[in-house]
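# Working through the structure, step by step
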Number of protein chains: 2
Amino acid sequence: MPKLWDETVDAHRAAVREAIVRATAELVAEHGVASVKMAQIAERAGVGRATLYKYFPDVEAILGVWHEEHVAAHLGELRAARERGGSAGARLRAVLTGYAFIAFHRAGADAEIAALVHRGDSATEARGQLLTLLGDALAEAAADGAVRDDIAPVELAQYCLHALEAAGALASQAAVRRLVAVTLDGLRPA
Amino acid sequence: MPKLWDETVDAHRAAVREAIVRATAELVAEHGVASVKMAQIAERAGVGRATLYKYFPDVEAILGVWHEEHVAAHLGELRAARERGGSAGARLRAVLTGYAFIAFHRAGADAEIAALVHRGDSATEARGQLLTLLGDALAEAAADGAVRDDIAPVELAQYCLHALEAAGALASQAAVRRLVAVTLDGLRPA
């Protein structure tokens, strides 16, 4: 039964990996990014240091995986927002609002981690997926007359993503909603 | 004549400092940020290594000064744009266009340096000055009826700065002008 054996090993590896990532997330939340050491992570995750190093070379690599999982979850939320009912314009508004609140909540410790890991290929790929998702929603809304069609959706997507990142600098949820309204006003048909 | 002597020493120090910063800028343009070493900088600037280390502890510190000078020059350009003639709306448009083109040209090597030095207090201070400049221009345009007055200028300034940073991801000057137009459309009175 080699297949079953492989599946057991894979499940074990996934569980250890998840325990390591979760332990790192907890330690970062408690002590900040800079002070977390591999030895602490091993202890918190309940694995030996040798085992830990078989999975990850350093703290940054673990944070990279954690961040990827975060980003994937966020992309999932935005896709779900886009697929909920309503007109193309309403669905675009849902996606933009979702992204603005992600940017709002990302300020702080998450932003520190994002800056640390945002140099890799996976960050570039996630950014590409986000732009595609947004570009599709914009094209659909433009075809429906809810968004200007004098500028390519791919350019409007860059405008939206950057404008909504201002949410990270805002002080309240009400301010984030105002930012979404202003950003949408920039998209109105002439 | 202690005063005259002090002035001569200050002028000499400023000249050496400028030669070091200029040599570093040249080397970065030729070889990229990562490969520039203090020994090369000393040779190019025509100073001894011991002298170089009296002025700067490392390459990053020199790049920090270079970047500060860049940022100060950009702030100066934007202030000048704001002070040129025309209506409050026209002057706001001039400031936003100026900032969009700064963001457009910053992509590439400059962005690498900016990421390296953007952690310091001086970067935060420059950002604050930029937001104040933009907030003042927005408040003036709102008082003139050219910009919406249902949202505080300080929030609109964050929206503008972030939206215009999308210029760094755009491919042409025409696209940058379209981005400025969309951003301004978001500011229109209701």
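All chains use their own residue numbering, which begins from 1 and follows the written sequence. Chain letters and ligand numbers both follow the written order, the letters beginning at A and the numbers at 1. Totals for whole chains, interfaces and linings use all residues, but because this is a predicted model, local features are given only for residues with pLDDT of at least 70 and pairs of side-chain atoms are given and counted only at 80 or more. Processing note: side-chain calculations cover all non-hydrogen atoms of the structure and skip hydrogens and water entirely.

### Structural notes on the interface of chain A and chain B
For clarity, the threshold we go by: Contact criterion: two residues are considered in contact whenever any of their non-hydrogen atoms come within 4.5 Å of each other. As used here, buried area is the combined drop in accessible area, with a 1.4 Å probe, of two parts when they are placed together. Salt bridges are defined as contacts in which a side-chain nitrogen from Lys or Arg sits within 4 Å of a carboxyl oxygen from Asp or Glu.
Between chain A and chain B, the residue contacts involve 20 residues of the former and 20 residues of the latter. Of all residues in chain A, the largest losses of buried area upon contact with chain B belong to E155, Y159 and V182 of chain A, amounting jointly to 29% of the total for that side. At the surface where chain A touches chain B, the tally comes to four salt bridges. Among the ionic pairs, D185 of chain B bridges to R148 of chain A, the shortest N-O distance being 2.8 Å.

### A short note on the packing of helix α5 (residues 88-106) of chain B against helix α8 (residues 153-165) of chain B
Residues and elements named next belong to chain B. What counts, and what does not: Simply put, an axis is a line fit to the C-alpha atoms, just over the touching stretch for a helix, and the angle between two N-to-C directions goes from 0 to 180 degrees. Counting from the N terminus, the helices are DSSP H or I runs at least four residues long and the strands are E runs at least two residues long. To sort the angles, those under 35 degrees are grouped as roughly parallel, those over 145 as roughly antiparallel, those from 65 to 115 as roughly perpendicular, and the leftovers as oblique. Rotating anticlockwise by less than a right angle from the far helix to the near helix defines a left-handed crossing, while the corresponding clockwise rotation defines a right-handed one. Note that Gly is not counted as nonpolar here; it falls among the polar residues with everything else outside the nonpolar set of Ala, Val, Leu, Ile, Met, Phe, Trp, Tyr, Cys and Pro and the charged set of Asp, Glu, Lys and Arg.
Packing of α5 against α8 leaves a shortest axis separation of 8 Å and a crossing angle of 40°. Compared by their axis directions, α5 and α8 come out oblique. Like other packed secondary-structure pairs, α5 and α8 cross with a definite hand, here right-handed. Across the interface between the two elements, L96, Y99, A100, A103 and R106 from α5 touch C160, L161, L164 and E165 from α8. Looking at the contact of α5 with α8 residue by residue, the class counts come to seven nonpolar, no polar and two charged.

### Here's the deal with the relation of the copies chain A and chain B
Cut-off, in case you're wondering: Least-squares superposition of the copies uses the C-alpha atoms of those residues scoring a pLDDT of at least 70 in each of them.
Relative to chain B, chain A is turned by 180° and slid 0.1 Å along the rotation axis, the superposed coordinates differing by an RMSD of 0.1 Å. The superposition of one copy onto the other is thereby described by a two-fold rotation axis. A symmetric contact is evident, with 100% of the interface residues of chain A recurring at the interface of chain B.

### Things to note about the packing of helix α8 (residues 153-165) of chain A against helix α9 (residues 173-185) of chain A
All names here are of chain A. Interaxial distance between α8 and α9 falls to 10 Å at its minimum, and their mutual angle equals 155°. Classed by the angle they form, the pair α8 and α9 counts as roughly antiparallel. Remark: the crossing between α8 and α9 carries right-handed chirality. For the pair formed by α8 and α9, the contact residues are Y159, C160, A163 and L164 on the first element and L179, V180, V182 and T183 on the second.

### Describing the environment of W66 of chain A
Mapped onto the elements of the fold, W66 of chain A is located in helix α4 (residues 59-83). Along the primary structure W66 of chain A and I113 of chain A are separated by 47 residues, whereas in three dimensions their C-alpha atoms are 9.4 Å apart.

### Structural notes on the environment of T24 of chain A
Residues and elements named next belong to chain A. For clarity, the cut-off: Between buried and exposed lies partly exposed: a residue is buried under 20% and exposed over 50% of the maximum accessible area for its type, with that area taken using a 1.4 Å probe on protein chains only.
Among the secondary structure elements, T24 is positioned in helix α1 (residues 2-31). Here T24 falls in the buried class, since its relative accessible area comes to 1%. Each C-alpha atom of the pair T24 and W66 lies 8.6 Å from the other, and the pair is 42 residues apart in sequence.

### A look at the side chain of H162 of chain A
For the record, the criterion: In protein, a polar contact requires one atom able to donate a hydrogen and another able to accept it; more generally it is a pair of N or O atoms within 3.5 Å, and residues adjacent in sequence count only if both atoms are side-chain atoms.
Checked against the element boundaries, H162 of chain A lands in helix α8. Among the polar contacts made by the side chain of H162 of chain A, one reaches the main-chain carbonyl oxygen of Q158 of chain A at a distance of 2.9 Å. In this structure, H162 of chain A is in contact with R127 of chain A together with H162, A163, E165, A166 and A169 of chain B, ignoring residues within four places of it in sequence.

### Observations regarding α8 of chain A
All names here are of chain A. For the record, the criterion: Working rule for helices: expected span equals 1.5 Å times residues minus one.
Helix length check: α8, at 13 residues, gives a terminal C-alpha distance of 18 Å against a target of 18 Å (1.5 Å per residue), a fit within 8%. Most of α8 is tucked away, with 11 of its 13 residues classed as buried. Looking only at α8, the buried set comprises E155, L156, A157, Q158, Y159, C160, L161, H162, A163, L164 and E165.

### A short note on the pattern of salt bridges
Under the criterion given, the structure shown has 20 salt bridges over all chains. With a shortest N-O distance of 3.2 Å, E18 of chain A and R22 of chain A are connected by a salt bridge. You can see E18 of chain A and its partner R22 of chain A sitting in helix α1, four residues apart, about one turn around the helix. The salt bridge partner of R91 of chain B is E140 of chain B, with a shortest N-O separation of 3.2 Å. With R91 of chain B in helix α5 and E140 of chain B in helix α7 (residues 121-143), this pair connects stretches of sequence that are 49 residues apart. The class of E140 of chain B is partly exposed, set by a relative accessible area of 29%.

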